[in-house]
Amino acid sequence: GATLRLILGDQLNQKHSWFDSVDDNVTYLMAEMRQETDYVKHHIQKVTAFFFAMRTFKEELSEKGHQFIYLKIGDPNNPQDLAKIIETYCDATDAVRFEYQLPDEYRLDAQLKQIAKSLKIDTHAVDTEHFYTSRYELKNFFSGKKQLLMESFYRMMRKKHGIMVENGQPDGGKWNYDQSNRKKWKGTPEIPHERGFRKDVTDLLKEIEESGVKNFGEIDPEKFNWPVSRSDCLSVLNYFCKELLVHFGDYQDAMHTEEKYLFHSRLSFAMNAKIISPKEVIDKVLEHFHENKEVIDISQVEGFVRQILGWREYMRGIYWKEMPGYAQLNKLENHNPLPDFFWTGNTKMNCLKHAIGQSLSDAYAHHIQRLMVIGNFALLAQLNPDEVDQWYLGVYIDAIEWVEITNTRGMSQFADGGIVATKPYVSSANYINKMSDYCGSCHYKHTQKEGENVCPFNVLYWNFLDAKKAHFKDNQRMNMMMSLLEKKSASEMDYIRKKSAEIIENPDTF
Ligand code: FAD
Ligand code: SF4
């Protein structure tokens, strides 16, 4: 009998065993859905990238002989109702079996379980064959443990998958070279231009606009720069190995007004849409490293492997361990609304102007911009994590809930009370100045603690610790900061509280 197989927009894995052979009894179903474009307002480049990648995937597999039903966003016969679409095409193909790949998002998982239950034919869910870990592997690994330390998960992963280990010991003698990965970039070494694609997406863009999908952000329709096909993605990966890996670790925390990407790979969309797999990426990087050991230091490679084998899989595991409750957590009880400049980049705070401006123009900011500039401000200004999450989920090309929410609500906003991070990632201007050239040309003074043009981060930092001190009283990692806070005089604290209220109201009035 016939089988209908559903493929979601982030399941573009051509290497999946489903495609090992062509089977005339199998039809693949893909649909561009308003439920996916509308759950938050999205950056136009994100919507474009997903639809473009889906269409490319369908084209390439059709050419190999696989049969597809594909509903475009603007198709008049696209009912925009997932249950209805599945039912209609099960009937139309006389399917006796419906199959889907396990979604990575809780929302879609629940929806598909429900739909599968309502169908009168056999239904079956299979693995996506993408990740190193299964959904509940992290949960089982940490079962009975109070602290879910990334580092211990990461070491287990290195050993289990035999990555940079020999006889159970880490290559080079160290598991983690984070300490050596902290350089500021001061104009050298030269940063190669990003591997761009300059694709013309004018027609697709028109379809998206005509279908009424609300969006924001900038796009150049004739120069779309994200990889959408397998060959594009492999090309980005090759480019990373050849041009960027050599300095990746050293400058992964650096930020610069003139350089958006520095030595970052820009592989997150390619991986999150499953066009390439984490194993493919790591294998390629290690192969390149072994062939070029005389020029590439192990610390650069370990830093990269940790992000993918460690953090990425860790976040996936945390998501499935903690959902659905995780999406509502607001342990620090933050309720302030998002300032308007999140949608315009229009602020005199130079670090935020650049990090947000770049997010709006390119649907991209790298890790430290997301964490130590935008996320740092959001937490210090005590913004509502629901609004913060929606912004991150909408703006970034790679934002899919399983990896967005764990990073934003967890790692960055500490709204989970310390499941992901052992202490909040907050800092004054000092850290931002250490890692970037933002402060030098800023309206505000990074060295000032009070008075005219004081940097807002310097005031908000102490105000945040003061406002949330009850939450941190048992957190040993906060002891040093809390005792510094205690030493502040009553008049200093008075200034900090008043000024912070002003900044939170509008940071750009002084
Ligand atoms: P590189 O710096 O080249 O890193 C290589 C790869 O490592 C990335 O492609 C990514 O797959 C992986 N990686 C690195 N850090 C993380 C991490 N913390 N969690 C999971 N994977 C990681 N990443 C997303 O993919 N989607 C998101 O929605 C997302 N939201 C974030 C929100 C916040 C507040 C923060 C602090 C981080 C977020 N990240 C997210 C993680 C990270 O910032 C991006 O993966 C990275 O910036 C993507 O750019 P790149 O591919 O050039 O990364
Ligand atoms: Fe950002 Fe303050 Fe530095 Fe300006 S001085 S760039 S606001 S940290």
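None of these values were measured; they are calculated from a predicted model.

Enquirer: Just checking my understanding: could you explain the overall build of the protein for this structure?
Expert: A count of helices and strands for the protein gives 20 helices and nine strands. For the protein, with 510 residues in total, the buried portion stands at 44%. Taking the intrachain contacts of the protein between residues at least 6 apart in sequence as the baseline, contacts between residues at least 24 apart amount to 76%.

Enquirer: How do you make sense of the site of ligand 2 when you look at a structure like this?
Expert: Near ligand 2 there are 14 residues, and of these Met 349, Cys 351, Cys 439, Cys 442 and Cys 455 occur at the shortest range. Elements with a minimum of two residues in the shell around ligand 2: α12 (350-362), α16 (429-435) and α17 (456-467). Residue contributions to the shell around ligand 2 peak at three residues, all from α16. Tallied by class, the residues present in the shell around ligand 2 amount to eleven nonpolar, three polar and no charged.

Enquirer: Quick question: what am I supposed to make of the site of ligand 1 here?
Expert: The environment of ligand 1 is formed by 28 residues, the closest being His 264, Ser 265, Ser 268, Gln 307 and Glu 404. Breaking the shell around ligand 1 down by element, the ones donating at least two residues are α9 (268-272), α11 (298-322), α13 (367-380) and α15 (401-412). In terms of residue count, α15 provides more of the shell around ligand 1 than any other element does, six residues in total. The residue makeup of the shell around ligand 1, split by class, is eleven nonpolar, twelve polar and five charged. Here the shell around ligand 1 gathers at least three residues from each of two domains, domain 2 (137-322) and domain 3 (340-509).

Enquirer: Would you mind showing me how to read the sheet that holds strand β5 (residues 95-101) here?
Expert: Sheets are built from strands paired through backbone hydrogen bonds, the pairs being either parallel or antiparallel. Here we have five strands laid out as an open sheet, ordered β4-β2-β1-β5-β6, and parallel in their pairing. Among the strands making up the open sheet, the edge pair consists of β4 (67-71) and β6 (122-126). Each adjacent strand pair in this sheet contributes to an overall mean axis angle of 25°, direction not counted. Across five bridges, strand β1 (residues 2-6) lies against β5 in parallel orientation.

Enquirer: What am I meant to see in α17 here?
Expert: Residue pairs spaced three or four apart in an α-helix point in one direction, given the helix's 3.6 residues per turn. For α17, spanning twelve residues, the distance from its first C-alpha to its last is 16 Å, which sits close to the expected 16 Å at 1.5 Å a residue. Of the residues making up α17, those classed as buried are Pro 456, Phe 457, Asn 458, Val 459, Leu 460, Tyr 461, Trp 462, Asn 463, Phe 464 and Leu 465.

Enquirer: Could you clarify how one ought to interpret the domain arrangement of the protein in this entry?
Expert: You can read the domains of the protein as domain 1 (2-126), domain 2 (137-322) and domain 3 (340-509). Taking only C-alpha atoms, the centre of domain 2 and the centre of domain 3 are 24 Å apart. On the domain 3 side, the residues contacting the 23 residues of domain 2 number 28 residues. Listed by contribution, the elements that provide at least two residues to the side of domain 2 that touches domain 3 are α9 and α11. Across the side of domain 2 that touches domain 3, the residue classes break down as ten nonpolar, six polar and seven charged.

Enquirer: I'm lost on unusual backbone geometry in this one. Help?
Expert: The phi angle of most residues is negative, glycine excepted, and most peptide bonds adopt the trans form. Of note, the bond from Thr 188 into Pro 189 is cis; its omega dihedral lies within 30 degrees of zero at -10°. For Pro 189, the position within the fold is in the loop between β8 (169-170) and α7 (202-210). With an omega of 5°, the peptide bond running from Met 323 to Pro 324 counts as cis. For Pro 324, the position within the fold is in the loop between α11 and α12. Here Glu 129, not a glycine, exhibits a phi torsion of approximately 55°, which is positive. Within the element layout of this structure, Glu 129 appears in the loop between β6 and α5 (137-141). Although it is not a glycine, Asn 167 sits at a positive phi angle of roughly 50°. Checked against the element boundaries, Asn 167 lands in the loop between β7 (165-166) and β8.

Enquirer: So what exactly am I meant to see when it comes to the pairing of strand β2 (residues 26-31) here?
Expert: Two faces belong to every sheet, and in a regular strand the side chains alternate between them. Judged by how many residues are buried, β2 sits mostly within the fold: five of six residues are covered. With four bridges joining them, β1 and β2 adopt parallel strand pairing. Paired with Leu 4 across the strands is Thr 27, a residue of β2. With five bridges joining them, β2 and β4 adopt parallel strand pairing. If you follow Met 30 over to β4, its bridge partner there is Tyr 70.

Enquirer: What should I look at first to understand the environment of Arg 155 in this one?
Expert: Within the secondary structure, Arg 155 is located in helix α6 (residues 150-160). A sequence separation of 154 residues divides Arg 155 from Leu 309, and the C-alpha atoms of the two residues are 9.6 Å apart.

Enquirer: Looking at this structure, how should I read the packing of helix α8 (residues 230-248) against α11?
Expert: Describing two packed helices takes the angle between their axes plus the distance from one axis to the other. Packing of α8 against α11 leaves a shortest axis separation of 7 Å and a crossing angle of 100°. Judged by the angle between their axes, α8 and α11 are roughly perpendicular. Contacts from Leu 245, Val 246, His 247 and Phe 248 of α8 reach α11 at Gln 300, Val 301, Gly 303 and Phe 304.

What counts and how
- Residues numbered from 1 in each chain as written.
- Chains lettered and ligands numbered in written order.
- Predicted model: local features only at pLDDT ≥ 70, side-chain atom pairs only at ≥ 80, totals over all residues.
- Helix = DSSP H or I, 4+ residues; strand = E, 2+ residues; numbered from the N terminus.
- Buried ≥ 20, exposed ≤ 12 C-beta atoms within 10 Å, placed from the backbone.
- Contact = placed C-beta atoms within 7 Å.
- Near = placed C-beta within 6 Å.
- Nonpolar A, V, L, I, M, F, W, Y, C, P; charged D, E, K, R; others polar.
- Domains from an automatic or database assignment.
- Pairing = 2+ DSSP bridges.
- Axes fitted to C-alpha atoms, helices over the stretch in contact; angles between N-to-C directions.
- Expected span 1.5 Å × (residues − 1).
- Parallel < 35°, antiparallel > 145°, perpendicular 65-115°, else oblique.

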